Amino acid sequence: MNRMKFPKRYLIVILTFVSTCVCYIERVGFSIAYTVAADAAGINQSSKGTILSTFYYGYACSQVPGGWAAQKIGGRKVLLLSFVLWSSTCFLVPLDPNRVTALVVARLLVGVAQGFIFPSIHTVLAQWVPPHERSRSVSLTTSGMYLGAAMGMLVLPSLVKLKGPQSVFLAEAALGVMWSLLWFEYATDPPRSEHPKATAAGFGESLLPTKAGQKIKVENGGSTVRTTKIPWKRILFSRPVWAIVVNNFTFHYALYVLMNWLPTYFEQGLQLSLQEMGSSKMMPYFNMFIFSNIGGILADHLITKRIMSVTKTRKFLNTVGFIVASLALMALPIFRTSAGAIFCSSVALGFLALGRAGFAVNHMDFAPRYAGIVMGVSNTAGTLAGIIGVDMTGKLLEAAKVEYSDLSSPESWRAVFFIPGLLCIFSSFIFLLFSTGERIFD
């Protein structure tokens, strides 16, 4: 009796989904564990912001090299190496807020290692996923980030309370190792037979890394010589690329500020205990998980049913997502209850995730062969947003603490949430003006 064949590309998408989930468990886990350890050690908000932002310096350094490495040697191999490196670092480094040098080096290493992950994932997905499945596949994969953040917010505060902050590092390392074993066992590069029209459609074997001058077969049985020269100048001066870059910066500015400072906002801004908030504290990230997948499914529906062109679909979802998110972000400090803060942060993060069906998939539309490269360039901007936003937020809060004596007043947090709100409005207009869904890089 023949078993129903499960398409290999679906398994690849599921594994990349799990990988982003694990990565964001790690990121949220560090902010939770470090916040507890730093508060116990009497570390001030500005110093906390510096340590929390250190990860993003390493992350920024490896985005473009990650895209280049994935293009040259294959996203599958680079992704595995990245997981092994950051998991090992989490396992080996102790969480001691007073050992600043060790923490800085460890967070830099984890940042460098994780910087290779998303360019590699996008290279893998561009190889495996046909164009009409890309929106929902990328949305599902990236929604793993938000499910991971939600799971981290739900489970890890209790783990810290029971076993201490160091236990978070060990749990994260174990998850990284388990995923690495699954990827090593099941992930492969796509055979041409999976996608008979790969070259015409812009995916499959045509996107696999090749050596310069390597001969490849074409459909009539002949061969041709293909080089892998990357059009760096065209990429860096392309307006559609910069539309993605600007929106990636804004998305990650808002996401990283909320991810790293929401625990502080709940505990010091609203005088709430994370442990006592129960499952409600995971709702902003769970909402991102839901809306990310809604955005992907809706985008593919609009495109495949020809309700909108690819260009109009990307612009529509990006604009709706960012404008609604901006309003929710600016309203957040007005609400002084747990329910109000959860509602506003859930709407903000949910609609930001919806907007990813616009800018975050767009590079696969106009540059599928260089998806990892463009992702690396745009994610570098997103990482710079983490460096600037997380560190600056610490300084804003330290200044507010001096002016208002503590962080419990809404005025202390207004600038923290207004800045990403205004950035969302600006970025949505940039994407409307300069983005395209048409293929412009061969």
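Scoring rules and cut-offs
- Residues numbered from 1 in each chain as written.
- Predicted model: local features only at pLDDT ≥ 70, side-chain atom pairs only at ≥ 80, totals over all residues.
- Heavy atoms only, no water.
- Salt bridge = Lys/Arg side-chain N within 4 Å of Asp/Glu carboxyl O.
- Helix = DSSP H or I, 4+ residues; strand = E, 2+ residues; numbered from the N terminus.
- Buried < 20%, exposed > 50% of the residue type's maximum accessible area, 1.4 Å probe, protein only.
- Contact = heavy atoms within 4.5 Å.
- Patch = residues over 30% accessible without salt bridge, like charges linked within 9 Å, V, L, I, M, F, W, Y side chains within 5 Å.
- Areas by Shrake-Rupley, 256 points an atom, 1.4 Å probe, with all protein chains shown as cover.
- Polar contact = N/O pair within 3.5 Å; in protein donor to acceptor, adjacent residues only side chain to side chain.
- pLDDT = per-residue confidence, 0-100.

Between side chains of opposite charge, pairing is possible as soon as their charged atoms come close. Evaluated as defined, the whole model comprises six salt bridges. A salt bridge links Arg136 to Asp300; its shortest N-O distance comes to 3.1 Å. Of this pair, Arg136 sits in helix H7 (residues 134–163) while Asp300 is found in helix H12 (residues 283–304), placing the two residues 164 residues apart along the sequence. Taking relative accessible area as the criterion, Asp300 reaches 3% and is therefore assigned buried.

Looking now at the side chain of Asn247. Locating Asn247 in the fold gives a position in helix H11 (residues 239–269). When neighbours within four sequence positions are excluded, Asn247 is seen to be in contact with Asn318, Phe322, Phe359, Ser427, Ser428 and Phe431.

A surface patch of nonpolar side chains, amounting to about 460 Å² of accessible area, comprises Trp68, Trp232, Leu236 and Phe237. You can see Trp232 is positioned in helix H10 (residues 232–236). For Trp232, a relative accessible area of 32% corresponds to the partly exposed category.

Relative to the assigned elements, Asn287 resides in helix H12. Here the side chain of Asn287 touches Ser346 through a polar contact of 2.8 Å, landing on its backbone oxygen.

Glancing now at the confidence of the model for the chain. Mean pLDDT over the chain: 84, with 90% of residues reaching 70 or higher. For the stretch residues 193–227, pLDDT sits under 50, and the model shows 72 contacts to residues farther than four places along the chain or on other chains.

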